[in-house]
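One-letter residues, chain by chain:
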Amino acid sequence: MTVKIGRQGNILAEKVLYVGPIFSLVQQKIKTPDDLTIQRDVVQHRPAVAMLAMTSDQQVLINVEYRAGTNSENIALPAGLINPGEDVLAAAKRELQEETGYVATNLREMTTVTSSEGFTDEKVTLILADISREMLAAKHFDQDEFVNSQLMPFTKVKELVQQGVIHSAQTVSAIGYYLAFMQK
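Reading the values: rules and limits
Residues numbered from 1 in each chain as written. Predicted model: local features only at pLDDT ≥ 70, side-chain atom pairs only at ≥ 80, totals over all residues. Heavy atoms only, no water. Helix = DSSP H or I, 4+ residues; strand = E, 2+ residues; numbered from the N terminus. Buried < 20%, exposed > 50% of the residue type's maximum accessible area, 1.4 Å probe, protein only. Contact = heavy atoms within 4.5 Å. Phe/Tyr/Trp six-rings, centres within 6.5 Å; stacked < 30°, edge-to-face > 60°.

A.B. asks: I tried to follow the overall build of the chain on my own but got confused; where do I start?
C.D. replies: Scanning the chain from terminus to terminus reveals 3 helices and 10 strands. Beginning at the N terminus, the succession of helices and strands in the chain can be written as β-β-β-β-β-β-β-α-β-β-β-α-α. Each principal axis of the C-alpha atoms in the chain carries an extent, and together these give about 55 × 45 × 30 Å. When the 184 residues of the chain are sorted by exposure, 38% land in the buried category. A separation threshold of at least 6 residues defines the contact pool for the chain, and within that pool the share at least 24 residues apart is 55%.

A.B. asks: How should I be thinking about the packing of aromatic side chains in this particular structure?
C.D. replies: Two aromatic rings, taken as a pair, are described by how far apart their centres are and by the angle between their planes. For the structure on display, the rule yields 3 aromatic pairs. Note on F154 and Y178: the rings are 5.3 Å apart at their centroids and 65° apart in plane angle, and the pair reads as edge-to-face. Separated by 24 residues along the polypeptide, F154 in helix α2 (residues 154–163) and Y178 in helix α3 (residues 169–182) bring together distant segments of the chain. Between Y177 and F181, the ring centres sit 4.8 Å apart and the planes meet at 55°, which makes this aromatic pair tilted. Placement of both Y177 and F181 in helix α3 is noted, with a separation of 4 residues, approximately one turn of the helix. The class for F181 is exposed, based on a relative accessible area of 61%.

Here you go:
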């Protein structure tokens with residue numbers, strides 16, 4: 001059986017409802033590939049990166065940070081927005097250093113994930129990066145950001161994912177992708 005994927009709809013009309021620094025909200029009238037005419041509200045989100053940054057002895061760099069969407073502190077991999085015109089790997093290296101002070105080496109793109117295709121076009125590219133406890137630089141938080149970073153054994157991170165303590169979609173995806181396709 002052949003599965004058809006990637007066919008696009010035809011956007012017949014679009015009305016911008018909100019424009020912000022990270023995302024916009026638009027209302028679209030769409031003719032789908034199956035010839036249906038639908039109306040949807042779509043969050044158009046700037047692309048982002050999330051980094052599975054590890055030391056040579058399998059310590060993973062994790063962040064504990066307050067997140068407004070859940071109104072709580074969460075454990076997740078370091079992540080951030082890609083600046084317009086910026087390369088994915090350059091964004092990953094920059095964001096990692098800005099948030100954590102760690103300078104990444106040997107960055108590799110794993111895959112790109114989407115979070116909820118039903119209402120957002122957000123794409124997060126997952127990056128595997130090597131880090132060293134000796135290669136640190138100054139942190140540069142955004143004005144409204146404070147991140148607590150720490151190293152944690154990979155086995156502990158995997159355990160916290162399994163227990164549902166870590167539930168960040170990009171973190172769960174990066175750990176799963178690494179285990180399935182990249183771990184030696």
